[in-house]
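Understanding the architecture of this molecule
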Amino acid sequence: MVPQPHQEPGVAHILIAEDDALVRAGVAEELRAAGFSVIEANCADDALTYVREGGKIDLVFSDIQMPGTLDGRQLAEVIARDHPGIPVILTSGETLPDVSALATLFVAKTYSVAHAITLFCLLLGLQPPESHS
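Our subject in this report is the structure included herewith. (Residues numbered from 1 in each chain as written. Predicted model: local features only at pLDDT ≥ 70, side-chain atom pairs only at ≥ 80, totals over all residues. Heavy atoms only, no water.)

The next point concerns the overall build of the protein. Scanning the protein from terminus to terminus reveals five helices and five strands. Traced from its N-terminal end to its C-terminal end, the protein shows the element sequence β-α-β-α-β-α-β-α-β-α. Counting only contacts in the protein whose residues sit at least 6 apart along the sequence, the fraction spanning at least 24 positions is 63%. When the accessible surface of the protein is summed, it comes to about 7,000 Å², and 54% of that surface belongs to carbon and sulfur atoms. (Helix = DSSP H or I, 4+ residues; strand = E, 2+ residues; numbered from the N terminus. Contact = heavy atoms within 4.5 Å. Areas by Shrake-Rupley, 256 points an atom, 1.4 Å probe, with all protein chains shown as cover.)

Right under this line is the structure:
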């Protein structure tokens, strides 16, 4: 199923590709609370379909290991080739990619969503939200 965005004008659009529904929902909730518009995909194939259909995306945050014909690394490669203006950040709890070959960033699981949000803001040229911790 191709993901549908929760559209909010004037905010950055983050596409999360994560097959673990609990992880995806938790990260999406925190990103929305920080003011981002979030598009959720449960696999790289659906994420790529959304991007290719012209969905508004400012940044992709993708797990590496997912079911389907593409994994997160392959998703990053296709986006870098076909949509070079969209930054991709990969994450995994098991796989450490050679991110220099992908020209992308890597965040190891388990990560702090607050730190991920700060990274997203830095990449997008946005002011990070005030920390409440």
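Moving on, we get to empty space enclosed by the protein. Scanning the model with the defined rule gives one cavity of 30 Å³ or more in all. Reported here for the largest cavity is a volume of approximately 40 Å³. What lines the largest cavity is I16, A17, E18, V23, V27, F61, D63, T91 and Y111. The set of elements that each furnish at least two residues to the lining of the largest cavity consists of strand 1 (13–17), helix 1 (21–33) and strand 3 (59–63). A class-by-class count of the residues in the lining of the largest cavity yields six nonpolar, one polar and two charged. (1 Å grid on protein atoms, 1.4 Å probe; cavity = no way out; pocket = protein on both sides within 12 Å on 5 of 7 lines; lining within 4 Å. Points joined across faces, edges and corners; volume = space filled by probe spheres on them. Nonpolar A, V, L, I, M, F, W, Y, C, P; charged D, E, K, R; others polar.)

Pairing is parallel in the open sheet, where five strands are placed in the order 2-1-3-4-5. Taken across any chain shown, the strands that pair with only one partner, and hence form the sheet edges, are strand 2 (37–41) and strand 5 (105–108). Within the sheet, the average angular offset between the axes of one strand and its neighbour, ignoring direction, is 20°. (Pairing = 2+ DSSP bridges. Axes fitted to C-alpha atoms, helices over the stretch in contact; angles between N-to-C directions.)

Once that is clear, we can look at helix 3 (residues 72–82). Among all positions in helix 3, only G72, L75, A76, V78 and I79 are buried. The buried side chains of helix 3 occupy one side of the element, clustering within an arc of 165° when seen end-on. Tucked into the core, helix 3 has its buried residues touching strand 1, helix 2 (44–52), strand 3 and strand 4 (88–92). Measuring from the side-chain oxygen of the N-cap residue of helix 3 to the backbone nitrogen of R73 gives 3.1 Å; that N-cap residue is D71. (Buried < 20%, exposed > 50% of the residue type's maximum accessible area, 1.4 Å probe, protein only. Arc of directions from axis to C-beta. Polar contact = N/O pair within 3.5 Å; in protein donor to acceptor, adjacent residues only side chain to side chain.)

Next up on the list: the packing of helix 1 against helix 5 (residues 113–124). Taken N-terminus to C-terminus, the directions of helix 1 and helix 5 make an angle of 55°; their axes are 10 Å apart at the nearest point. Relative to helix 5, helix 1 is oriented oblique. Considering the relative orientation of helix 1 and helix 5, their crossing is right-handed. Every residue of helix 5 that contacts helix 1 at V27, E30 and L31 is listed here: V113, I117 and F120. Across the contact of helix 1 with helix 5, the residue classes tally to five nonpolar, no polar and one charged. (Parallel < 35°, antiparallel > 145°, perpendicular 65-115°, else oblique. Left-handed = near helix turned anticlockwise from the far one by under 90°.)

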